[in-house]
Amino acid sequence: MPASTGASTTVGAVPSPSSSSDTRLTPGGPGYRRMSFALFLAGVATFALLYSTQALLPLISGEFGVAASAASWTVAAATGGLALFVLPMSALSERFGRRTVMTASLAVAVTVGLLVPFAPSIGTLVALRAVQGAALAGLPASATTYLAEEVRPRALVTAIGLFVAGNSVGGMSGRIVTGWVAQEWGWRVAVGVIGVISVACAVAFRMLLPAPKHFTPGSLRPRVLARTVRDHLANPLLRRLYAIGALFMTVFGGVYTVIGYRLTEAPFSLPQGIIGSIFLVYLVGTVSASTAGRLVGRLGRRGALYLAGGTTATGLLLSLATSLPLVLLGLVLITAGFFAGHAVASSAVSKTATQGRAQAAALYQSAYYIGSSAGSTVGAMAFHAGGWAGTVGVGLLAVIGVVTITVFGSRAARLAAGADPVPAH
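What this report covers is the structure whose coordinates are included nearby. (Residues numbered from 1 in each chain as written. Predicted model: local features only at pLDDT ≥ 70, side-chain atom pairs only at ≥ 80, totals over all residues. Heavy atoms only, no water.)

Remarks on the overall build of the protein chain
And then number 1: Per the secondary structure count, the protein chain includes 17 helices and zero strands.
And then number 2: For 425 residues, the compact-globule estimate of 2.2 N^0.38 gives 22 Å, and the protein chain sits close to it at 21 Å.
And then number 3: In terms of its C-alpha atoms, the protein chain occupies a principal-axis envelope of roughly 70 × 40 × 40 Å.
And then number 4: Relative to its full complement of 425 residues, the protein chain shows a buried share of 57%.
And then number 5: About 16500 Å² of surface is accessible on the protein chain, with carbon and sulfur atoms providing 68% of the total.
And then number 6: Across the protein chain, the 28 positively charged side chains and the 9 negatively charged ones have centroids separated by 7 Å. (Helix = DSSP H or I, 4+ residues; strand = E, 2+ residues; numbered from the N terminus. Rg over C-alpha atoms; globule rule 2.2 N^0.38 Å. Buried < 20%, exposed > 50% of the residue type's maximum accessible area, 1.4 Å probe, protein only. Areas by Shrake-Rupley, 256 points an atom, 1.4 Å probe, with all protein chains shown as cover. Lys, Arg positive; Asp, Glu negative; His and termini not counted. Charge placed at Lys NZ, Arg CZ, Asp CG, Glu CD.)

Let's talk about the packing of aromatic side chains
And then number 1: This model, assessed by the stated rule, comprises 11 aromatic pairs.
And then number 2: Judged by centre distance (6.5 Å) and plane angle (15 degrees), the rings of phenylalanine 37 and phenylalanine 40 are stacked. Separated by three residues within a single helix, phenylalanine 37 and phenylalanine 40 lie in helix H1 (residues 32–50), roughly one turn from each other.
And then number 3: With relative accessibility at 45%, the residue phenylalanine 37 sits in the partly exposed group.
And then number 4: Summarising the aromatic geometry, the rings of phenylalanine 338 and phenylalanine 339 are spaced 4.8 Å apart at their centres and angled 70 degrees between planes, so their arrangement reads as edge-to-face. Summarising the burial analysis for this pair, phenylalanine 338 and phenylalanine 339 share the class buried. (Phe/Tyr/Trp six-rings, centres within 6.5 Å; stacked < 30°, edge-to-face > 60°.)

Quick look at the environment of alanine 412
And then number 1: Relative to the elements of secondary structure, alanine 412 occurs in helix H17 (residues 388–419).
And then number 2: Taking C-alpha positions, alanine 412 is 9.3 Å from leucine 237, a pair spaced 175 residues apart along the chain.

Re helix H11 (residues 236–264)
And then number 1: The terminal C-alpha atoms of H11, which comprises 29 residues, lie 44 Å apart, in line with the 42 Å expected from a rise of 1.5 Å per residue.
And then number 2: The element H11 is extensively covered by neighbouring structure, given that 24 of its 29 residues are classed as buried.
And then number 3: If you check the start of H11, you find a side-chain oxygen 2.9 Å away from the backbone N of leucine 237, and it comes from asparagine 235. (Expected span 1.5 Å × (residues − 1). Polar contact = N/O pair within 3.5 Å; in protein donor to acceptor, adjacent residues only side chain to side chain.)

A closer look at unusual backbone geometry
And then number 1: Between alanine 266 and the following residue, proline 267, the backbone shows a cis peptide bond with an omega angle of 10 degrees.
And then number 2: As for its placement among the helices and strands, proline 267 is situated in the loop between H11 and helix H12 (272–277).
And then number 3: Phi is positive for serine 269, close to 50 degrees, though the residue is something other than glycine.

Here's the deal with the environment of serine 52
And then number 1: For serine 52, the location among the structural elements is in the loop between H1 and helix H2 (57–64).
And then number 2: Given the relative accessible area of 6%, serine 52 is considered buried.
And then number 3: Taking the C-alpha atoms as reference points, serine 52 and leucine 307, 255 residues apart in sequence, are found 30 Å from one another.
And then number 4: Residues in contact with serine 52, not counting those within four places in the same chain, are Arg129, Thr178, Val191 and Ile194.
And then number 5: From its side chain, serine 52 meets the backbone oxygen of leucine 49 in a polar contact 3.1 Å long. (Contact = heavy atoms within 4.5 Å.)

A look at the side chain of glutamate 150
And then number 1: The topology assignment puts glutamate 150 in helix H7 (residues 140–150).
And then number 2: Lysine 213 provides the closest opposite charge to the buried, salt-bridge-free glutamate 150, at an N-O distance of 7.3 Å.
And then number 3: Aside from chain neighbours lying at most four places away, what touches glutamate 150 is Arg24, Leu25, Pro212, Lys213, His214 and Phe215. (Salt bridge = Lys/Arg side-chain N within 4 Å of Asp/Glu carboxyl O.)

Looking at the nonpolar core
And then number 1: Core analysis: the largest hydrophobic core is formed by 122 residues, its most contacted members being Met35, Leu39, Leu147, Tyr256 and Tyr369.
And then number 2: For this core, the leading source of residues is H11, giving 16 residues.
And then number 3: Those residues in contact with methionine 35 that sit more than four places away from it in its chain are Leu25, Tyr146, Leu147, Val151, Leu209 and Pro210. (Core = buried A, V, L, I, M, F, W, Y, C linked by side-chain atoms within 4.5 Å.)

Some details on the pattern of salt bridges
And then number 1: Evaluated as defined, the whole model comprises two salt bridges.
And then number 2: The partner of arginine 188 in a salt bridge is glutamate 63, with the nearest N and O atoms 2.7 Å apart. Here arginine 188, found in helix H9 (residues 187–208), pairs with glutamate 63, found in helix H2; they are 125 residues apart in sequence, far enough to count as distant.
And then number 3: With a relative accessible area of 43%, glutamate 63 lands in the partly exposed category.
And then number 4: A salt bridge links glutamate 149 to arginine 98, with the shortest nitrogen-to-oxygen separation between them at 2.4 Å. Highlighted residues: glutamate 149 in helix H7 and arginine 98 in helix H5 (residues 98–115), separated in sequence by 51 residues.
And then number 5: With a relative accessible area of 9%, glutamate 149 lands in the buried category.
And then number 6: Its relative accessible area of 2% is what places arginine 98 among the buried residues.

Details of H5
And then number 1: Compared with the 26 Å implied by 1.5 Å per residue over 18 residues, the 26 Å span of H5 between its first and last C-alpha is a close match.
And then number 2: Restricting attention to buried positions, one finds in H5 the residues Arg98, Arg99, Val101, Met102, Ser105, Leu106, Ala109, Val110, Val112 and Gly113. One side of H5 holds all its buried residues, which, seen down the axis, span an arc of 160 degrees. (Arc of directions from axis to C-beta.)

Things to note about the packing of helix H8 (residues 156–185) against helix H13 (residues 282–290)
And then number 1: Contact geometry of H8 with H13 gives a least axis separation of 8 Å together with a crossing angle of 175 degrees. Compared by their axis directions, H8 and H13 come out roughly antiparallel. On the side of H8, the interface is formed by Gly161, Leu162, Val164, Ala165, Ser168, Val169, Gly171, Met172 and Arg175, while H13 contributes Tyr282, Leu283, Gly285, Thr286, Ala289 and Ser290.
And then number 2: Taken together, the residues of the contact of H8 with H13 break down into eight nonpolar, six polar and one charged. (Axes fitted to C-alpha atoms, helices over the stretch in contact; angles between N-to-C directions. Parallel < 35°, antiparallel > 145°, perpendicular 65-115°, else oblique. Nonpolar A, V, L, I, M, F, W, Y, C, P; charged D, E, K, R; others polar.)

This is how it looks when you write it as structure tokens:
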């Protein structure tokens, strides 16, 4: 039998998926494609903006005369701002609606994105990126909560996987575009182009996303929010899922913050455009995220997490090679493992929370982006101290953490099952 994380497959008191009274969206039904494409575009804009400077760090270091650890703050500040503001934004989405908050967040983020190219100093650049990350905080938690409310449970993993796939496409295209544009016209023009593309994505998102039909406004009272957050943090399964998301993102943030520095050095010495094109491996993440539902169906959530962790660790070890094809294969495996693990963990959070889903998703996203900030900063420091092997060491420790938490969850699930009374026939 497939393994299970022990997560409930019920999201609140809802009708059976097969019930004709269930008006939520389902694959093939009216509105599902528009909804999927709209959130896909939101994911593209979010990741393209959030990581717009990541592939350009060597150029930013050169212009401002700072080390990799200082330049990495242009990434860490954005993800850190998102991590700090995702919970307040989720509370606003409970009161004003998911679509309203997502639209406002994108509008502010793309406006700041058009200002980033004019930053006169590294300090100003970091500050603008922090504001941009805080604005983007309204997207991730609100999007997954919107899906949990508007999509039938059996289609939820697939729907969230498509949103995560949009993240991977945004991250990939943003890095490829910035790499080639920066090679010809510099990093400032490159991030400006990303800003313009994100404006187009934001407009299309607002035009395509269906109005919510199952949203019920909640309260903005601080006591209610604090109680909801406390209840989620008291749930052992949710705590494990939050930690898993943070650890997976620690690997990913560290690897992709530092890889540009490694590939500009000997024995590779690649130009900026080629380095940007290497991010085509994000297509693997698009596939692995969108197929996470089938992976869980075959292996269960725990089995899928073990496979994702093992794939990521194998990729980290392969990336130590001095052969460019082996390094690229390592990046492919790291990317596939990360996006699969993230899709599985985030969908499990949405299914486990029976109330306060926006806060449950927000806590996951907060942990996830704290992991990104930690990975970007610690990965760059490890690279400065011990080269690429230091960054890989940080990643392997994070993967060991994922496996350890999953094993502990398996044991907890077995103990809980053993405590259940045996049903009489």
